[in-house]
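Given next are the chains, with one letter for each unit.
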Amino acid sequence: MTDPQHNPPDKKRSAGRPKDMAKHNAMLDAAACLLFRNGLEGVTMEAVAREAGVSKVTVYGHFVTKEALFGSVIRRETAIIRQGLDKLPDTHEEVRQSLIEAGIGLVNFLLEPHVLAVERVMSAQGTQYPELLQAFFEAGPWATKQWLQEKLEGLVHAGRLTLNTPTLAAEQLCSMWQGMLVTEVRMGVRQPPSNKELHRHISSAVDVFLAGYATKHPPC
């Protein structure tokens, strides 16, 4: 038999859900801030709780492990670049333009100061924290490559590309988009490119990619 006195707590729980999401985002913000400020050793569950103004129990309620928390930070950061290519292009020129836009979006993201900072931290300290390094790759580079592979497979099914190995093609396109440019900026031996320079760099990479993989007689 249902106890009517149990109804008020349910209502309270429903009303409290937006606050939980706010705490969730606050904890992600705190973890990112600690990472940039103190490196990987500074991202502890206790430190995140203090920075976010929540209890340690609350942190564990949202993220079971430190790796899960770190992976969530990276996924949130990379989510914006996976919004491109949602609609499959209809012509060769539209395919070209879509891949150029996706490449510019990815490289601009990788050249953001806070992203460069994360990459430098992972390069310097990642081997000391193999679980966090794994979480970084699963949520960041590997997830991005998987997203691109799925988009390229969609272009194959639409008759716009001919790919024997979509995984390899995605790796090749990502590598050509970045070239030496991202590494040089990350290492501090060159300045970020201008919009014109970046467009030229990405367009050239896409043209080489399409020269090898564009369908010779695409559907009308």
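On a predicted model such as this, the values are computed, not experimentally measured, just so you know.

> For this particular structure, what's the right way to read the nonpolar core?
Taken as a class, soluble globular proteins show a tendency for nonpolar side chains to be buried jointly. Ranked by internal contacts, the top residues of the largest apolar core, which has 34 residues, are Leu152 and Trp177. Those elements giving two or more residues to this core turn out to be α5 (92–110), α6 (113–125), α8 (141–157), α9 (166–178), α10 (181–186) and α11 (195–213). Examining the composition of this core, we find that 9 residues originate from one element, α5, more than from any other. Beyond its immediate stretch of four places on either side in the chain, tryptophan 177 contacts Leu99, Ala102, Gly103, Leu106, Val107, Leu148, His201, Ile202, Ala205 and Val206. Within the second largest apolar cluster, 28 residues are counted, among which are Leu28, Ala31, Ala32 and Met122.

> Looking at this model, I keep getting lost on the confidence of the model for the chain. Mind explaining?
As a note on interpretation, predicted positions should not be read in detail where pLDDT is low. Per-residue pLDDT for the chain averages 86, and the proportion of residues at 70 or more is 86%. Predicted confidence in the chain is weakest over helix α1 (residues 7–38), with a mean pLDDT of 71, and strongest over α11, with 97. With pLDDT under 50 throughout, residues 1–18 is counted as low confidence; its partners more than four residues away or in other chains account for 0 contacts.

> What am I meant to see in the environment of alanine 205 here?
Within the secondary structure layout, alanine 205 lies in helix α11. Take alanine 205: its relative accessible area is 6%, and that puts it in the buried class. When the C-alpha positions of alanine 205 and glycine 103 are compared, they lie 9.0 Å apart, and in sequence the two are 102 residues distant. What alanine 205 contacts, discounting residues up to four positions off in sequence, is Met176 and Trp177.

How each quantity is defined
Residues numbered from 1 in each chain as written. Predicted model: local features only at pLDDT ≥ 70, side-chain atom pairs only at ≥ 80, totals over all residues. Heavy atoms only, no water. Core = buried A, V, L, I, M, F, W, Y, C linked by side-chain atoms within 4.5 Å. Buried < 20%, exposed > 50% of the residue type's maximum accessible area, 1.4 Å probe, protein only. Helix = DSSP H or I, 4+ residues; strand = E, 2+ residues; numbered from the N terminus. Contact = heavy atoms within 4.5 Å. pLDDT = per-residue confidence, 0-100.

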